[in-house]
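Structural characterization, general
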Amino acid sequence: MSLRKYAGSNRDAKRDAPEARESFDVVTEDKIAAWNSKLNDRYGLGRGRLEVLEDPAAA
Amino acid sequence: MPDWERTAPRIYSVVTGFFPETSPRDTWATNPRPLLVCGTARDPDSGVVFCRIAYGTTQKLDKAHANDLVVGNVSMLDDLGLRYPTRFVIHSGRHMVIMPWTSEFFRPWTGYPRPVLSVLPDDMQQHVGSVLSELARAGDIPRF
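Residues numbered from 1 in each chain as written. Chains lettered and ligands numbered in written order. Predicted model: local features only at pLDDT ≥ 70, side-chain atom pairs only at ≥ 80, totals over all residues.

**A word on the overall build of chain A**
For clarity, the cut-off: Secondary structure elements follow DSSP: runs of H or I no shorter than four residues count as helices, runs of E no shorter than two count as strands, and numbering proceeds from the N terminus. Comment: burial labels come from other C-beta atoms within 10 Å of the residue's own C-beta, placed from the backbone, where a count of 20 or more is buried, 12 or fewer is exposed, and between is partly exposed.
Helix and strand counts for chain A stand at two helices and one strand. In chain A, which comprises 59 residues, the proportion classed as buried is 19%.

**Some remarks on the interface of chain A and chain B**
Note the following rule: By the convention adopted here, residues make contact when the C-beta atoms placed from their backbones lie within 7 Å. For this scheme, ten residues count as nonpolar: Ala, Val, Leu, Ile, Met, Phe, Trp, Tyr, Cys and Pro. Four count as charged, namely Asp, Glu, Lys and Arg, and the remainder, Gly too, count as polar.
The interface is formed by 35 residues belonging to chain A together with 46 residues belonging to chain B. The set of elements that each furnish at least two residues to the side of chain A that touches chain B consists of α1 (2-16), α2 (29-43) and β1 (51-54) of chain A. Among the elements that take part in the side of chain A that touches chain B, α2(A) stands out by supplying eight residues, more than any other. Residues of the side of chain A that touches chain B, tallied by class, amount to 19 nonpolar, four polar and twelve charged.

**Some points on helix α2 (residues 122-137) of chain B**
Helical periodicity: at 3.6 residues per turn, an α-helix aligns residues three or four positions apart in one direction. All names here are of chain B. Using the following cut-off: Each residue after the first adds 1.5 Å to the expected span of a helix. Here, the arc refers to the directions that run from the helix axis to the C-beta atoms.
Spanning 16 residues, α2 covers 22 Å between terminal C-alpha atoms, matching the ideal 22 Å at 1.5 Å per step. For α2, the complete set of buried residues consists of Val128, Val131, Leu132 and Leu135. Viewed along the axis of α2, the buried residues span an arc of 100°, placing them on a single side of the element. Opposite its buried face, α2 presents the exposed residues Asp122, Asp123, Ser130 and Arg137, each directed more than 90 degrees away. Contact partners of the buried residues in α2: β2 (33-42) and β4 (69-71). One or two residues past the end of α2 sits Gly139, with phi positive at roughly 70°.

**Observations concerning α2(A)**
For α2(A), spanning 15 residues, the distance from its first C-alpha to its last is 21 Å, which sits close to the expected 21 Å at 1.5 Å a residue. The set of residues buried in α2(A) consists of A:Ile32, A:Asn36 and A:Leu39. Projection of α2(A) onto a plane perpendicular to its axis shows the buried side chains occupying an angular sector of 70°, all on one side. Seen from the buried face of α2(A), the exposed residues on the opposite side, beyond 90 degrees, are A:Asp30, A:Lys31, A:Ala34, A:Ser37, A:Asp41 and A:Arg42. The elements touched by buried residues of α2(A) are β6 (96-100) of chain B. Looking one or two residues past α2(A), A:Gly44 carries a phi angle of roughly 65°, positive in sign.

**Details of unusual backbone geometry**
All names here are of chain B. The peptide bond linking Phe19 to Pro20 adopts the cis configuration, its omega dihedral lying at 5°. Counting through the fold element by element, Pro20 comes out in the loop between β1 (13-17) and β2. Here the phi dihedral of Lys60 falls at roughly 50°; this positive angle occurs in a residue that is not glycine. In this structure, Lys60 sits in the loop between β3 (49-57) and β4.

**Structural notes on the nonpolar core**
What counts here: Remark: nonpolar core denotes a set of buried Ala, Val, Leu, Ile, Met, Phe, Trp, Tyr and Cys residues whose joining runs through C-beta atoms within 7 Å.
Within the largest apolar cluster, 47 residues are counted, with the highest numbers of intra-cluster contacts made by B:Leu36, B:Cys38, B:Phe50, B:Ile53, B:Ala54 and B:Ile90. Of all elements in the fold, only α2 of chain A together with β1, β2, β3, β4, β6, β7 (116-119) and α2 of chain B reach the threshold of two or more residues within this core. Of all the elements, β3(B) adds the most residues to this core, at six residues. Every residue in contact with B:Phe50, bar those within four places of it in the chain, is listed here: A:Leu50, B:Thr40, B:Ala41, B:Asp43, B:Ile98, B:Met99, B:Pro100, B:Trp101 and B:Phe144.

**Here's the deal with the confidence of the model for chain A**
All names here are of chain A. Basically, it comes down to this: Per-residue confidence from the predictor is given as pLDDT, running between 0 and 100.
With 71% of its residues at a pLDDT of 70 or more, chain A shows a mean pLDDT of 79. Of all the helices and strands in chain A, α1 carries the lowest mean pLDDT, 47, while β1 carries the highest, 96. Long-range and interchain partners of residues 1-9, a stretch whose pLDDT sits below 50, account for zero contacts in this model, where long-range means more than four residues apart.

**What about the pairing of β3(B)?**
Remember that side chains alternate between the two faces of the sheet whenever the strand is regular. Residues and elements named next belong to chain B. Rule in force here: Strands are treated as partners if at least two bridges between them are detected by DSSP.
Burial analysis of β3 places nine of its nine residues in the buried class, which makes it a mostly covered element. Side chains Val49, Cys51, Ile53, Tyr55 and Thr57 of β3 all project onto a buried face; the interleaved residues Phe50, Arg52, Ala54 and Gly56 project onto the opposite face, where all are buried too. Pairing between β2 and β3: six bridges, direction antiparallel. Bridging from a neighbouring strand, Val37 pairs with Ile53 of β3. Examined bridge by bridge, β3 and β6 share five bridges and lie antiparallel to one another. Bridge pairing links Ala54 to Met96 in β6. Inspection of the sheet shows β3 paired to strand β5 (residues 86-88) by two bridges, in the antiparallel sense.

Right under this line is the structure:
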């Protein structure tokens, strides 16, 4: 009973979120590549330095 | 720092954040969009969590690649916290980025305590997991 009520509360929150009503556009590959490069430089990504928590691609 | 930054989202979570830019301050991005967590890792030095992210779009659903995850069922949209049919672009690693799990990149939608809307059901997790493994084998995925 309490679980059902909890799920209902979440749905209400979602329906009221104004952000959910927006349209979300398609992002070009060029823009993503440029951003990736910026993030990799800033955080030192892509060198295997981070400790994987969950990653099906690492299996 | 918001409390949610300390807890990594589970893989296959639908989260909300800015893609492909950071906060709206200096960019065109004005609204956090739905994103899919396709992997997580932690920086051993700073402790910061990083997420491999595929973005969601509500446009050009008819142009979806066979491997993309398209959510159109009304009941499923409701369960995932989405209002409109949404395509998560997972068919190529060239459409993904690795982002720190911080408020510079992620923001909760109104009414949510953290930028997590939901977690995919098992069958969708299997589909996404299998696509990610395929991409990894092909060397087409951003590495941590």
